[in-house]
Amino acid sequence: MARLERERLDADRRYNDALTALDAASRALGEAGGVAGGRPVAGRAPVPYDPSQLPRANETWEILAAKPARRATQLFSAFVWKLIGPIFERQQQFNAALVDHLNRNIGAHVEAAEAIAAVRASIQADHAARAAFQSALIAYLQTITEYVDTKDRALGGPELREQIVLANERTLALKREFAALAARPPSFALHAPEGKQAQPATSRQQPATDFSYVGFEDRFRGSQEEISARLADYVPLFAGANLPTASLPTLQPSNDAFVLDVGCGRGELLALLSEAGVPARGIDVNGEMVAMCRERGFNAEQADALTYLESLPDASLAGLTAIQVVEHLEPGYLARFLEAAFHKLRPGAPMILETINPACWMAFFEAYLRDLTHAQPIHPDTLKFLLQASGFTSVDVQLRSPVTAADRLENVDRPEAADTPLALRATIDALNANADKLNARLFGFMDYAVIARR
């Protein structure tokens, strides 16, 4: 742990150093490009072109007037002009060429100045955009550590919650065990005949694995809210509603009759029956499950199903339920259980047996094989036959919990265009037919319920 902590601190230091260096480089690049703090700064702009003297040059470039007349009185002037005239003529030619050059290039100078200003503005905008990107990059990099940390927490959250649930269940199991020890009377050694060792009084011990199976159901079967939603359909069978596919009315429980929930588990069905005003009791071989039911105020006992049934008077039950139970029973025990249930139920009383549907391969591989306490899968036809062989005359099988569409094989759309080749249509039809067959076997219904009456 110390080594891992050192490695984490070193990684944080390297990350922070690299981020600081990147931030410094970003600032230096922005300042070199005329950008400070993400804003363009005023640099030295070129001196603008000045055409103010061009009109004057156009007016004064001509320095020579007309040539002097050649008269006798002007012979001296002509002589002097002959000596200096060529010089002024060349000057005027130069002036003319210079003014013409200035006039022809003023447009180019103006366009060049405007282009320089546009390029300068574009460069500053580019540097500003680059500085903004670098600033956003720094901000993004600063969030990586927190982002990764939250992802780690999200990935570890479900596992942590599962460990907390298991720890909580262990704590509750220990609490109940200590409470039972505190309430148990002192055990005294039994008096033994002379020469034999006295034996201490014994009491029933709670299986150490009871609490772990509670956690197993919490993790893989579903929450109490989900299971309650699935079981709500069964309640009307005991509250005066008629079975949709049977002609026999439901039994109206009398004051001394009750519905027995075999394998009551966490008490989801007991809660639903209690809300509907139906008297009900639960039994379960798992002491932790029974303790949970009692804490919720339900009538529950830790007992073996067959032993409990055989202790009841005949025709004394207003109904019986066993939700996800029969797959835990060995064949011989199951046959005796069904036989006993037939005799203990009052005439017309419903019995509901819900179990995993092994005819659905997804249910078999995903749900049945996961639970090590399962004894054997039971096909719907097999369970129906066993109930009829036990004397039940009204037996109805209902498929439940269909596999979602996302987990089923999809069909291929059949093209309806007139030019679609017949061979392609036949191939698609065969493919879809095979997909439907596989869906019916592999991805049908996860559970089924058998509703039987005497």
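Summary of the structure given here.

Calculation rules
- Each chain carries its own residue numbering, running from 1 in the written order of its sequence.
- Where local features are concerned, this predicted model is filtered to residues with pLDDT of at least 70; where side-chain atom pairs are given and counted, the filter is 80 or more; whole-chain, interface and lining totals use all residues.
- For the side-chain quantities, the full set of heavy atoms in the structure was used; hydrogens and water were omitted.
- Counting from the N terminus, the helices are DSSP H or I runs at least four residues long and the strands are E runs at least two residues long.
- Only protein chains enter the accessibility calculation, which uses a 1.4 Å probe; a residue is then buried when its area is under 20% of its type maximum, exposed when over 50%, and partly exposed in between.
- Pairs were defined over the aromatic rings of Phe, Tyr and Trp, the Trp ring being its six-membered one, requiring ring centres within 6.5 Å. Orientation was assigned from the angle between planes: stacked under 30 degrees, edge-to-face over 60, tilted for the rest.
- Counted as over-ring charges are cases with an Arg CZ or a Lys NZ within 6 Å of the ring centre that also lie within 35 degrees of the ring normal.
- By convention a nonpolar core is built from buried Ala, Val, Leu, Ile, Met, Phe, Trp, Tyr and Cys residues, the set being connected through side-chain atoms within 4.5 Å.
- Whether two residues touch is decided by their heavy atoms; if any such pair falls within 4.5 Å, the residues are in contact.
- Residues with no salt bridge and a relative accessible area higher than 30% make up the patches, which join like charges within 9 Å and nonpolar side chains (Val, Leu, Ile, Met, Phe, Trp, Tyr) within 5 Å.
- Using the Shrake-Rupley algorithm and a 1.4 Å probe, accessible areas are obtained, with residue cover drawn only from the displayed protein chains.
- Salt bridges are identified by distance alone: a Lys or Arg side-chain nitrogen within 4 Å of an Asp or Glu carboxyl oxygen.
- Two strands pair if DSSP finds at least two bridges between them.
- Convention adopted: a line fitted to C-alpha atoms gives each axis, helices being fitted over their contacting stretch, and angles between N-to-C directions are expressed from 0 to 180 degrees.

We now examine the environment of Asp-50. Here Asp-50 shows up in the loop between β2 (39-40) and α2 (54-60). Given the relative accessible area of 55%, Asp-50 is considered exposed.

Moving on, we come to the packing of aromatic side chains. Taken as a whole and assessed by the stated rule, the structure comprises three aromatic pairs. Residues Phe-342 and Phe-392 carry aromatic rings whose centres are separated by 5.2 Å and whose planes lie at 85° to one another, so their mutual orientation is edge-to-face. Note that Phe-342 is positioned in helix α9 (residues 331-344) and Phe-392 in the loop between α11 (380-389) and β8 (394-402), a separation of 50 residues in sequence. Of the two residues, Phe-342 and Phe-392, both sit in the buried class. A ring pair is formed by Phe-364 and Phe-365, whose centres lie 5.1 Å apart and whose planes are at 85°; its orientation type is edge-to-face. Under the relative-accessibility criterion, Phe-364 is labelled partly exposed at 22%. Residue classification places Phe-365 among the exposed residues on the basis of a relative accessible area of 55%. The rings of Phe-364, Phe-365 and Tyr-368 are connected pair by pair, giving a single aromatic cluster. The ring centre of Phe-258 lies 4.0 Å from the NZ or CZ of Arg-281, which sits over that ring. Lying over the aromatic face of Phe-342, Arg-454 brings its terminal NZ or CZ to 4.6 Å of the ring centre.

With 34 residues, the main nonpolar core has Leu-320, Phe-337 and Leu-387 as its most contacted residues. In terms of residue count, the dominant contributor to this core is α9 (six residues). Filtering out sequence-adjacent residues up to four positions away, Phe-337 remains in contact with Val-262, Ala-305, Leu-306, Leu-309, Leu-320, Leu-329 and Leu-353. Counting residues in hydrophobic clusters, the runner-up holds 25 residues, among them Tyr-234, Phe-238, Leu-270 and Cys-293.

As a further point, take a nonpolar patch on the surface. On the surface, a nonpolar cluster with roughly 620 Å² of combined accessible area is contributed by Ile-63, Phe-79, Val-80, Leu-83, Ile-84, Ile-87 and Phe-88. Structurally, Ile-84 can be placed in helix α3 (residues 75-183). What makes Ile-84 partly exposed here is its relative accessible area of 36%.

Strand order in the open sheet made by the seven strands is β5-β4-β3-β6-β7-β9-β8, with mixed pairing throughout. Two strands close off the open sheet at either side, each with one partner strand: β5 (300-302) and β8. Averaged over all pairs of adjacent strands, the angle between their axes in this sheet comes to 15°, without regard to strand direction. Judged from the three bridges that link them, strand β4 (residues 280-284) and β5 form a sheet pairing that is parallel.

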